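Below, each chain spelled out in residue letters.
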Amino acid sequence: MHHCKILPVELKVKPNLKPTVRMASPEVRVLLDECLGSARAEPSTDRQKYCSLKDSLCAELASLLQEAMEMKWPFVPEKWQYKQSIGADDKTNLSDLISQHLSQLLNLLQASIVAKEAHAALAVIFLVDRFFYWTDESGRLLEITKLLHKRYPDAPVAPQLVIRRARVYLNSGKLQKAESILSHLIINSGATGCWIYRTESDRALVQAVSLQVRGMVLQKLGLWLEAALLVWASLVGYYALPQPDKKGIGTSLGILSNILLSMSDEDFIAFKANPHVDLSLLGSASHRLLSAAEAAKMAVVYSQYTSLYVLTNVTTQGTCLLSYSFSGACPPTEREHFLLQAKEAFEIGLLTKTDGTVVTSKQELHTFIKAAYSLVVTHKWLSGPSEVVKQASQACQMALAHFYHYCHTDAQNGVGFYAEIMRLIAQVKQGFQVEPFLNSDSRSFIPNSYRNISDTLVGFTLEAFFELLQGFHKYHMSLCETIKTKCKFGKEEVDGAGMCMSALETTVDALNTECMTEACKPSKEDAPRPPESGSVDDLSSSWKKLSLTGIGTYSGRATDGPNNFGYPTLPRLGRPTASLSSSRGSDGFEVIEAEIPTVDSDGPDDDREPTDEALLSLLQFELSSLSNSFGSKSSWENISASSRSRSAASTHQSSKLSKSSGSFVLLRTQDFNNCDLEHDPAPDLKYLGMAKCLEIPNVANSEVCSSTEPSTEDSDGTPEEFVVGFENLNPWCHSCLKQNTFTCVAPEGKYSLSREDYHSLLAGVCHECLLSRLQSDKRKFKLDRYSTAHNALHLKFSKTTGLWTARETCVYIGQSMNVHGTQRTTICVQFLHQEERLSSYIGKDYLKPKQIQFHLRDVERQMTAQYYVTEFNKRLYDKEVMAQMFFLPSEALLILEGDEITGCITVEPYMLGKFVKLTNNVQKKNDKLLATNYGLAFGHFTYLHSNCQEVVVDLQGWVTANGKGLTYLTDPQIHSTRTSRGPSNHAQSGITSFLRLQHGPECNSVCQLLNLQPVPQQ
């Protein structure tokens, strides 16, 4: 082990003041449009301008352009990226050079296109690509790249541009397309079109970057363990290069930090236990959040010469430390210490730009607001509420409002917004007296105190990296077999196995970095339509017109054999096996895709932005097709407001809280008792790299299968719950462990949060404690103001632990979409702690005032379905079935005015695609789609896995563009005998209806393939 030592000279200096990366100016936009026009037009033979412009380049740019044309590297390198000893001249960024010569480079690009110099044109695009991505302008540049490739299929396209396309798809919600590109690069050793690699290590670099971005895809899906393992594999690849890639290492460490921050402690245990993971790289910290903070700090040091990277990673570090300060693992005597460390981290981020500096990048602006707001929260907990804290909080709310409007306006009208955002950030810095730090390197953005971080020597090799890749081979190969890789514009095969810019038969779309832009811009001509067979109309359910996305968590299972390296295998797109084809064959799925051109489409409108009318039509269609999703009450909806104790009505029924003499007794629901926490504390399954196999209870002769319906509803449709004893207290719940007063408040104070209430919510409280505190028969909520910013508590629910964990955030409630379901409506939202800062999110609120428990139940129900589908996916993978199902992660936002809860909405990420309905919650099913077979088998599986007490129904969502392999679901219903019967929880009669009418007496091919035990005759 060696250490980076503090340099002897310590001066209080301001951070690096080099030119700021700016959004393209109007002149640059005009040039970019002219380049696009030239790429679409017929080229001429005018070479004079091209030669003149090329000769006028400065020596450094001319050298870079020549090396790009010679394919010297697959990614344009920074000077400091591969050097162990960095000199003064190396402490610069390529973006500085590009920004100074941007107009010249774009003129050269246009001249190269006109002169038919495709190699030179693609090399210029290669050089300016990263700059345009940072400044939110990738869409048109990638469109030019596609047009050039169409005209000159033999011209090499850099792997950086192919992966950029995957990043654009990730940001715009087209996750399947992103996964396709990345998996092809991984399985085919980076082969892409006519690009020639100079060394094997260059191929390894492309594979490492592809793994890193795939980790980001799974992070967005909430698949924390699988994402962490992919990002760890990318770290091995970066370290194993002949000269370790500092930029890549820093980026992966930052992503890993965010993943560790979000994952559960159970997943963290599984991650550490994996034989290929050595967290000694992150120091000696044993707690998940402290390991995450250390990873972020290392990322800051590795990227110290790039302000955006420092800002991003140091904000993540501060968030980890802030979260740890409220965890049960943090000794109360050390809380202030970690709060002070978090404060320092947020201040370092805010100092990456000086007051008055122009910042136009949406990524950077969003992170500045997040860092400023997090600093406000930290000061609140260090010194208590004050006028300064109040004013700073209001400044952050105003900044977020400006940011929302900045994302929804054209570039010419955005100047005032980004200038006002940075003025408000400066106001926060001034209010808290944020001062420059001790820094002996004026070109670096970090203080000297960060330079003494230990740098562990690692022994990673390329051989070890390639061995790790084999652990993912099965998944990536199945995906590559499903997706065509023939070039549409040239050769039948691309390098035998490789992939070019058009090989996936998709089109390049403009980068959506505009928060809810795509979600708020409906388009008439691209709007999806119901399947023509009438399957949607026949499946009457509560939304006839839109549920806004469907993704869920997943855990992989490693296979036995030579390719098993202990990694979970990841969700995949794949081809259904022959046994699933029935009479339809492997192509029996319909092609269902919205706002994505069909495979034969290559017209001039392929890449156009969706219009307002199109998404409005999309919303209306999906709202109409989901009538029971928002309008119906699930098994989790009906929560009793009664506080008196009741006896357990049966051994398998639910439980609730009982209060006596000013204290409370926590009661556990049956579904918690059936979850993995009652099994071996280590996560089960070989699927997670462990030794245990998933087992489904033998229910053939089980008494529980003949369970009767529980007690009736109360007058408000709220079921009673049942009482169990102290022995089932949740060991992770702060309220249960501390036996504090979180649940014991007078009715008039139920929605006013004390300091101790915040502690409980930030540390995590169980589902029962949260309901006991917030449920009410009388107090109802509904948003009455739109286009406003608020402080809020961001609540996430984990089914496996039964825990709700909060984080303080700021949310902007945008405009209503004016599209309503039976009971709920949709809203554009933007909040600071959303999982992906560039992604679109949708808020859902009830049309009529509702109690908070209705919103919490919506989240809990969907996460319960997600828990079941995770187990179902393990069985699919174990049986070599190349298909997976996912539910969209759902979260809640408690809207605050001061410390008073004044509203609640649920939020979900937005994903593009055409919506279909597989089943409803009664008896209808869509036989036109082969995906319905998987849905029915999933219902059968949940019936068995829950000991015949529950079945997940009302399945709706999206299938892949080619109809094979992957289904995203949202807004399910659950028939359950664990809670009382309700309007949509038909309890035992609903379960019986599913088994008799939807599933039927005979198992389908998927049930048979999974060896599911036959259902009892109904």
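Just so it is clear, the model here is predicted, and its values are computed rather than measured.

Conventions we followed
- Residues numbered from 1 in each chain as written.
- Predicted model: local features only at pLDDT ≥ 70, side-chain atom pairs only at ≥ 80, totals over all residues.
- Heavy atoms only, no water.
- Helix = DSSP H or I, 4+ residues; strand = E, 2+ residues; numbered from the N terminus.
- Buried < 20%, exposed > 50% of the residue type's maximum accessible area, 1.4 Å probe, protein only.
- Contact = heavy atoms within 4.5 Å.
- Areas by Shrake-Rupley, 256 points an atom, 1.4 Å probe, with all protein chains shown as cover.
- Polar contact = N/O pair within 3.5 Å; in protein donor to acceptor, adjacent residues only side chain to side chain.
- 1 Å grid on protein atoms, 1.4 Å probe; cavity = no way out; pocket = protein on both sides within 12 Å on 5 of 7 lines; lining within 4 Å.
- Points joined across faces, edges and corners; volume = space filled by probe spheres on them.
- Nonpolar A, V, L, I, M, F, W, Y, C, P; charged D, E, K, R; others polar.
- Axes fitted to C-alpha atoms, helices over the stretch in contact; angles between N-to-C directions.
- Parallel < 35°, antiparallel > 145°, perpendicular 65-115°, else oblique.
- Left-handed = near helix turned anticlockwise from the far one by under 90°.
- Salt bridge = Lys/Arg side-chain N within 4 Å of Asp/Glu carboxyl O.
- Pairing = 2+ DSSP bridges.
- Phe/Tyr/Trp six-rings, centres within 6.5 Å; stacked < 30°, edge-to-face > 60°.
- Lys NZ or Arg CZ within 6 Å of the ring centre and 35° of its normal.
- pLDDT = per-residue confidence, 0-100.
- Expected span 1.5 Å × (residues − 1).
- Disulfide = S-S within 2.5 Å.

Peer 1: Explain the overall build of the protein chain here, please?
Peer 2: Within the protein chain one finds 32 helices and 17 strands. Taken over 1018 residues, the protein chain has a buried fraction of 66%. Taking the contacts inside the protein chain whose residues are at least 6 apart along the sequence as the reference set, 78% of them involve residues at least 24 apart. Surface exposure of the protein chain reaches about 34300 Å², of which carbon and sulfur atoms provide 50%.

Peer 1: Got a minute to help me understand the environment of Asp355 in this structure?
Peer 2: With respect to the helices, strands and loops of the structure, Asp355 is situated in the loop between α16 (335–350) and α17 (362–383). C-alpha of Asp355 to C-alpha of Ile425: the two residues are 70 residues apart in sequence and 8.5 Å apart in space. Those residues within four positions of Asp355 in sequence are excluded, and the remaining contacts are Ala426 and Lys429. A polar side-chain atom of Asp355 sits 3.1 Å from a polar atom in the side chain of Lys429.

Peer 1: Could you clarify how one ought to interpret empty space enclosed by the protein in this entry?
Peer 2: Evaluated as defined, the whole model comprises 11 cavities of 30 Å³ or more. Volume-wise, the largest cavity comes out at about 1000 Å³. Elements that contribute at least two residues to the lining of the largest cavity include exactly α6 (118–134), α8 (159–172), α10 (200–220), α12 (246–262), α15 (307–326) and α17. If one sorts the elements of the lining of the largest cavity by residue count, α12 sits on top with 9 residues. Tallied by class, residues from the lining of the largest cavity come to 17 nonpolar, 21 polar and 11 charged.

Peer 1: Is there a simple way to think about the packing of helix α18 (residues 387–407) against helix α19 (residues 415–431) in this case?
Peer 2: Angle between the axes and distance between the axes are the two parameters that describe a pair of packed helices. Closest axis-to-axis distance for the α18/α19 pair is 9 Å, and the angle between their directions is 165 degrees. Taken together, α18 and α19 sit at an angle that is classed as roughly antiparallel. The interaxial crossing formed by α18 with α19 has left-handed handedness. Contacts between α18 and α19 involve Val388, Ala392, Ala395, Cys396, Met398, Ala399, His402, Phe403, His405 and Tyr406 from the first element and Phe417, Tyr418, Glu420, Ile421, Leu424, Gln427, Val428 and Gly431 from the second. Per-class residue counts for the contact of α18 with α19 are 13 nonpolar, 4 polar and 1 charged.

Peer 1: Looking at this model, I keep getting lost on the pattern of salt bridges. Mind explaining?
Peer 2: Where charged atoms from two side chains of opposite charge approach closely, those side chains can pair. One pass over the full model with this rule turns up 32 salt bridges. Ionic pairing is found between Lys917 and Asp954, a salt bridge with its closest N-O pair at 2.5 Å. With Lys917 in strand β13 (residues 916–917) and Asp954 in the loop between β14 (950–953) and β15 (956–959), the pair connects residues that are 37 residues apart, well separated along the chain. In this pair, the class of Lys917 matches that of Asp954, namely buried. Among the charged side chains, a network of salt bridges with common partners joins Arg824, Lys844, Arg857, Asp858, Arg861, Glu908 and Asp971.

Peer 1: How should I be thinking about the side chain of Thr942 in this particular structure?
Peer 2: Positionally, Thr942 belongs in helix α30 (residues 931–945). Among the polar contacts made by the side chain of Thr942, one reaches the main-chain amide nitrogen of Val952 at a distance of 3.3 Å. Those residues within four positions of Thr942 in sequence are excluded, and the remaining contacts are Tyr868, Glu950, Val951 and Val952.

Peer 1: I keep staring at the pairing of strand β6 (residues 788–798) and nothing clicks. Help me out?
Peer 2: Each regular strand shows side chains that alternate between the opposite faces of the sheet. Burial analysis of β6 places 9 of its 11 residues in the buried class, the great majority of the element. With 11 bridges connecting them, β6 and strand β7 (residues 803–820) associate as antiparallel partners. Looking at β7, one finds that Thr788 is bridged to Ile813. Between β6 and β7, which pair antiparallel one after the other, the connecting turn spans 4 residues, and Gly802 there sits at a positive phi close to 70 degrees. As judged from the 5 bridges shared by β6 and strand β11 (residues 891–897), these two strands associate in the antiparallel manner. Bridged to Ala792 within β11 is Ile895.

Peer 1: What is the right way to read the packing of aromatic side chains from this model?
Peer 2: Any aromatic ring pair is given by two values, namely how distant the centres are and how the planes are angled relative to each other. Across all of its chains, the model carries 23 aromatic pairs by this definition. Both rings, one in Phe131 and one in Phe132, keep their centres 5.7 Å apart while their planes meet at 90 degrees; by these two values the pair is edge-to-face. With centroids separated by 6.3 Å and ring planes inclined at 80 degrees, the aromatic side chains of Tyr846 and Phe854 adopt a geometry described as edge-to-face. Summarising the burial analysis for this pair, Tyr846 and Phe854 share the class buried. Joined through ring pairs, the aromatic side chains of Trp232, Tyr239, Phe271 and Phe460 make up one cluster. Geometry around Tyr846 places Arg824 over its ring, the cationic atom sitting 5.6 Å from the centre.

Peer 1: Hey, could you run me through the confidence of the model for the protein chain in this one?
Peer 2: Low pLDDT marks regions whose predicted coordinates should not be analysed in detail. The predicted model of the protein chain has a mean per-residue pLDDT of 75, with 71% of residues at 70 or higher. Mean pLDDT values for the elements of the protein chain range from 28 in strand β4 (residues 663–665) up to 97 in α16. Considering only residues more than four positions removed or in separate chains, one finds that residues 491–497, a stretch of pLDDT under 50, has 14 contacts. Contacts from residues 501–726, a stretch scored under 50 in pLDDT, to residues over four places away or in other chains number 759 contacts.

Peer 1: Would you mind going over helix α7 (residues 138–151) with me for this structure?
Peer 2: In an α-helix, one turn spans 3.6 residues, which is why side chains three or four residues apart end up on the same side. In a regular helix each residue adds 1.5 Å, so 14 residues correspond to 20 Å; α7 covers 20 Å between its end C-alpha atoms and thus fits that length. With 11 of its 14 residues buried, α7 lies for the most part within the structure. Among the residues of α7, Ser138, Gly139, Leu141, Leu142, Glu143, Ile144, Thr145, Lys146, Leu147, Leu148 and His149 are the ones counted as buried. Where α7 is buried, its residues contact α1 (26–40), α5 (102–114), α6 and α8.

Peer 1: Would you explain the environment of Ser840 in this entry?
Peer 2: Its location among the elements puts Ser840 in the loop between β8 (824–831) and β9 (841–846). The exposure class of Ser840 is buried, given its relative accessible area of 3%.

Peer 1: I'm lost on α19 in this one. Help?
Peer 2: With 17 residues, α19 should reach 24 Å at 1.5 Å per residue; the first-to-last C-alpha distance of 25 Å fits that figure. Among all positions in α19, only Tyr418, Ile421, Met422, Leu424, Ile425, Ala426, Val428 and Lys429 are buried. Where the residues of α19 are buried, they touch α16, α17 and α18. Of the residues flanking the end of α19, it is Gln433, one or two places downstream, whose phi is positive at about 55 degrees.

Peer 1: How do you make sense of the packing of helix α3 (residues 59–69) against α6 when you look at a structure like this?
Peer 2: Here α3 crosses α6 at 115 degrees, and the two axes come no closer than 9 Å. Considering the relative orientation of α3 and α6, their crossing is right-handed. Here Leu64, Leu65, Ala68 and Met69 of α3 lie close against α6, whose contacting residues are His119, Ala120, Ala123, Val124, Phe126 and Leu127. Classifying every residue of the contact of α3 with α6 by side-chain character gives 9 nonpolar, 1 polar and no charged.

Peer 1: Any chance you could explain the state of the cysteines here in plain terms?
Peer 2: The bond known as a disulfide is covalent and runs between the sulfur atoms of two cysteines. Using the criterion set out here, one finds 0 disulfides in the structure. This cysteine, Cys1007, is not joined by any disulfide, and Cys1003 carries the nearest cysteine sulfur, 4.4 Å off.

Peer 1: Would you mind going over the environment of Val377 with me for this structure?
Peer 2: Summarising the element assignment, Val377 is placed in helix α17. Taking the relative accessible area as the measure of exposure, Val377 reaches 5% and is therefore buried. Taking C-alpha positions, Val377 is 9.9 Å from Leu339, a pair spaced 38 residues apart along the chain.

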